[in-house]
Amino acid sequence: MIERRWETRLLAVVAMALSMIGIVAVYGASSLLRVKGGVVGSSYALNQALGLLVGGVLATIVARLDYHVWERYAWPLLGMVAILLVVPLLPFTHSIAPVLNSARRWVYLGPVRVQPSELAKIAVVAWTAMLAAKKGEQMRSFQRGVVPVMVIVAPVVALIFLEPNLSMALLVTLLTGVVMFAAGAKIGHFLLLAVGSAPLIFGAVATAQYRLARVLTFLNSGSAPSEATWQVHQSLVGIGAGQLFGVGIGQGQQKLGYLPYAYSDFIFSTLAEEWGFIGVLGLALGFGLFVWLGFRIARSARDPFGQLLAAGLTALVGLSVVLHVGVNLAVLPATGITLPFVSNGRSSLLVVLIATGILVSVGQGRGAGAASAPPRSSRRARAAHSA
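Residues numbered from 1 in each chain as written. Predicted model: local features only at pLDDT ≥ 70, side-chain atom pairs only at ≥ 80, totals over all residues. Heavy atoms only, no water.

A. Here's a closer look at the overall build of the protein chain. Looking only at helices and strands, one finds 14 helices and 2 strands in the protein chain. Per-residue burial for the protein chain yields a buried fraction of 49% across its 387 residues. Pairs at least 24 apart in sequence give 75% of the contacts found in the protein chain among residues at least 6 apart. When the accessible surface of the protein chain is summed, it comes to about 17,500 Å², and 69% of that surface belongs to carbon and sulfur atoms. (Helix = DSSP H or I, 4+ residues; strand = E, 2+ residues; numbered from the N terminus. Buried < 20%, exposed > 50% of the residue type's maximum accessible area, 1.4 Å probe, protein only. Contact = heavy atoms within 4.5 Å. Areas by Shrake-Rupley, 256 points an atom, 1.4 Å probe, with all protein chains shown as cover.)

This is the structure in structure tokens:
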């Protein structure tokens, strides 16, 4: 018998509330924007609403599935995502993977445009949770636990990096680390991986002028030229202008050519300007509640796979929020990480809504085998979820 827990119902309400805030925020950030063909940018809000409608249907379907389906099909899902990640890298696929904003990160599948790196977040979390659950205590071993995971995940991360999309590649790596840590991997293992990958990260930053400029600007913003600090400066101006109650929805000035991508990469700054500290505080409480509920679901999941899957999907939302807000507050180098549920982008919205549906499925104990399978998680997993 399925146990319907209050956490799952509240999680769905929080996700819907954050998504509705996102539609309003995107409308406020793009309402005066002019796009190709002279169309007013408020159409972004309509696209966001369409994404919410489709994502809501998908999340409802996923919530009613046995979450072990993600365990059974983890390999095919990861393989499908890997193929989609290869498509933009091929020289003869420009018709379905065109260059947008100096990068090839999207694939057109008929009338649908998908961003494979967004799908990779769920695929990698599900696959890592599957393998870690099977290995059990072997995850405490570097050779038998950590290395097999990284051998498979590293090529996927490399494909994302080659789009190029370094920030998403780092996020997928962090999500893999969260699942492995919850499964019992030791901190020393991650330190070893960090030391080993440091030259690769340095090379990735040094070989791209715009990445190097972002890092140098972050490390020494006082002496950087005004062009290099423009985005961050305008973001902070917008946040400061909001004060306590904000200037009003749609009344922000930074979106009028001052702050690039005010409706996506810097929507937190736009929200702070138009909604003020009170609005930002409400948004922070909403995300905090979502993460808290997600980890409660992970802690009480009835099998190791459910525990690790829920922990990874919760981290998917939590880490994205931290990275997005950190960039907008100039405490992290500029990246292109969207704010979950809120930033414009249907692929991003669909992914977090599907992740919410999976969390609901885990919380409700969907699946015939879930009720009788006792938790077999490692001591690290139990400690992490009970924290």
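B. Layout of unusual backbone geometry. Omega for the bond connecting Glu 163 with Pro 164 falls within 30 degrees of zero, at 5 degrees, which places this linkage in the cis form. Mapped onto the fold, Pro 164 is located in the loop between α6 (142-161) and α7 (166-183). Despite not being glycine, Gln 243 has its phi angle at roughly 50 degrees, a positive value. Inspection of the secondary structure assignment puts Gln 243 in the loop between α10 (230-242) and α11 (267-300). Residue classification places Gln 243 among the exposed positions, given a relative accessible area of 64%. With a phi angle near 70 degrees, Phe 341 is a residue other than glycine that sits in the positive phi range. Considering the arrangement of structural elements, one finds Phe 341 in the loop between α12 (304-328) and α13 (346-363).

C. A look at the environment of Pro 260. Relative to the helices and strands, Pro 260 resides in the loop between α10 and α11. Residues Pro 260 and Ser 235 lie 25 residues apart in sequence; the distance between their C-alpha atoms is 9.2 Å.

D. Structural view of the confidence of the model for the protein chain. A residue-level look at the protein chain finds 86% of positions with pLDDT of 70 or above and a mean pLDDT of 87. Here residues 368-387 is modelled with pLDDT under 50, and outside its nearest four sequence neighbours on either side it reaches 37 contacts, counting other chains as well. (pLDDT = per-residue confidence, 0-100.)

E. Focus on α12. The end-to-end C-alpha distance of α12 is 36 Å, a good match for the 36 Å that 25 residues give at a rise of 1.5 Å each. Within α12, 22 of the 25 residues are buried, leaving the element largely enclosed by the surrounding structure. Positioned one or two residues after α12, Ala 330 has a phi angle of 65 degrees, which is positive. (Expected span 1.5 Å × (residues − 1).)

F. A look at empty space enclosed by the protein. Enumeration over the complete set of coordinates arrives at 1 cavity of 30 Å³ or more. If you add up the space inside the largest cavity, you get close to 50 Å³. Counting residues per element, the ones that place at least two in the lining of the largest cavity are α5 (116-135), α7 and α13. (1 Å grid on protein atoms, 1.4 Å probe; cavity = no way out; pocket = protein on both sides within 12 Å on 5 of 7 lines; lining within 4 Å. Points joined across faces, edges and corners; volume = space filled by probe spheres on them.)

G. Geometry of the pattern of salt bridges. Tallying each qualifying case throughout the model produces 5 salt bridges. With its nearest N and O atoms 3.4 Å apart, the salt bridge here joins Glu 274 to Lys 255. Residue Glu 274 is located in helix α11, and its partner Lys 255 is located in the loop between α10 and α11; the two are separated by 19 residues in the primary sequence. Residues Glu 274 and Lys 255 agree in their burial class; the two are buried. (Salt bridge = Lys/Arg side-chain N within 4 Å of Asp/Glu carboxyl O.)

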